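The residues making up each chain are set out below.
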Amino acid sequence: MNDQQTLLNPHNWVKTYADYLYAFAIVRINDEELAKDLVQETFLAALQRTAAFEGKSTERTWLTAILKNKIIDVYRKKSSGLKQVEMIAAEPDQEFFNPDHGHWKQEHWPQPFGIENHDPLHNKEFNHILQLCMEKLPALWLSVFTMKHIDDATSEAICTDLKISPNNFWVIIHRAKLNLRACLQKNWI
Amino acid sequence: MNKLKKIQYDCHKATFLMEKRTMKPLTLFERVELHIHLAGCSVCRTYKQQSYLIGQMVHRLLYNKATEYHLDEKDKKVMEERIEEELKK
């Protein structure tokens, strides 16, 4: 038995890490079957690469890194409509704002949600609507949004992983929030 | 100072700066622009509050979700068997 195999213990992987990796995947891709497949693939890919494991990180960190790459592949595949987004991004945002001077169009003025002072973070129904609104976002926007909010990834890291330009990145961050907010307003008030 | 006059009406730019600020420090000029805009625009002040709230809620929602999901034992068994199979090769 070589060194790598004494550092790694594949017999215990499922017992020790499967739930953790599954949760990691589900949060990021929101698809139970796919998440399950990715965890399985991660274990198998890891087995092929045991020789590359140097013991510099923990087993868990190492497995998570493999899974993360698989998730990014999914993001890239899902956002194959990327070209289209690049095109839209070049247009000024005319849905919410007046194209001449950038002022809100009156019908899109943010209205108070009316729960600002009632611990909205714990309002179940409001959270439910938020979840539905998130699911309506285009796949690429949701990927960007998820990486930002759960991994605290930097803008540079997200651009590299998802192969988008910084300019497009900021447009997506802006649009995703504008759309999410508008969706909440429409479905809550 | 034409640019500073323009920013007073530019909610598109102001909301953009508010989102950018969550990930990158703004330049001094951008900070001034945003400050001037928010001072005169109550609609964007509402946006600011809601944008922050939504950010917090998304964060929490994603983290809560992570604790809710578990694999069932059947799936784990299948995974274990696949690994053992590979190890025998």
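Heads up: the structure comes first, above all this text.
Residues numbered from 1 in each chain as written. Chains lettered and ligands numbered in written order. Predicted model: local features only at pLDDT ≥ 70, side-chain atom pairs only at ≥ 80, totals over all residues.

**Description of the overall build of chain B**
Consideration 1: Scanning chain B from N- to C-terminus turns up five helices and zero strands.
Consideration 2: Overall, chain B shows an N-to-C arrangement of helices and strands of α-α-α-α-α.
Consideration 3: Taking 2.2 N^0.38 as the reference for a compact globule, 89 residues should give roughly 12 Å; the C-alpha atoms of chain B span a radius of gyration of 24 Å, well beyond that estimate.
Consideration 4: Taken along its principal axes, the extent of the C-alpha atoms in chain B is 75 × 25 × 15 Å.
Consideration 5: For chain B, with 89 residues in total, the buried portion stands at 26%. (Helix = DSSP H or I, 4+ residues; strand = E, 2+ residues; numbered from the N terminus. Rg over C-alpha atoms; globule rule 2.2 N^0.38 Å. Buried ≥ 20, exposed ≤ 12 C-beta atoms within 10 Å, placed from the backbone.)

**Details of the nonpolar core**
Consideration 1: Within the largest apolar cluster, 47 residues are counted, with the highest numbers of intra-cluster contacts made by A:L21, A:A25, A:V39 and A:V144.
Consideration 2: Looking at which element gives the most residues to this core, the answer is helix α2 (residues 13-29) of chain A, with 11 residues. (Core = buried A, V, L, I, M, F, W, Y, C linked by C-beta atoms within 7 Å.)

**Some remarks on the interface of chain B and chain A**
Consideration 1: Contact residues are listed per partner, giving 39 residues for chain B and 43 residues for chain A.
Consideration 2: Those elements that provide at least two residues to the side of chain B that touches chain A are α2 (11-21), α4 (42-68) and α5 (73-88) of chain B.
Consideration 3: With 17 residues, α4(B) is the largest single contributor of residues to the side of chain B that touches chain A.
Consideration 4: Of the residues contributing to the side of chain B that touches chain A, the split by class is 18 nonpolar, nine polar and 12 charged. (Contact = placed C-beta atoms within 7 Å. Nonpolar A, V, L, I, M, F, W, Y, C, P; charged D, E, K, R; others polar.)

**Here we look at the packing of helix α9 (residues 166-188) of chain A against α2(B)**
Consideration 1: Close contact between α9(A) and α2(B) brings their axes to 9 Å; oriented N to C, the two are set at 105°. On the basis of the axis angle, α9(A) is roughly perpendicular to α2(B). Along the contact surface, α9(A) presents A:W170, A:I173, A:H174, A:K177 and A:L178, while α2(B) presents B:T15, B:F16, B:E19 and B:K20.
Consideration 2: Among the residues forming the contact of α9(A) with α2(B), the class breakdown is four nonpolar, two polar and three charged. (Axes fitted to C-alpha atoms, helices over the stretch in contact; angles between N-to-C directions. Parallel < 35°, antiparallel > 145°, perpendicular 65-115°, else oblique.)

**A look at α2(B)**
For an α-helix the count is 3.6 residues per turn, leaving residues at separations of three or four pointing the same way.
Consideration 1: Among all positions in α2(B), only B:C11, B:H12, B:A14, B:T15, B:F16, B:L17 and B:M18 are buried.
Consideration 2: Where α2(B) is buried, its residues meet α9 of chain A together with α3 (28-40) and α4 of chain B.

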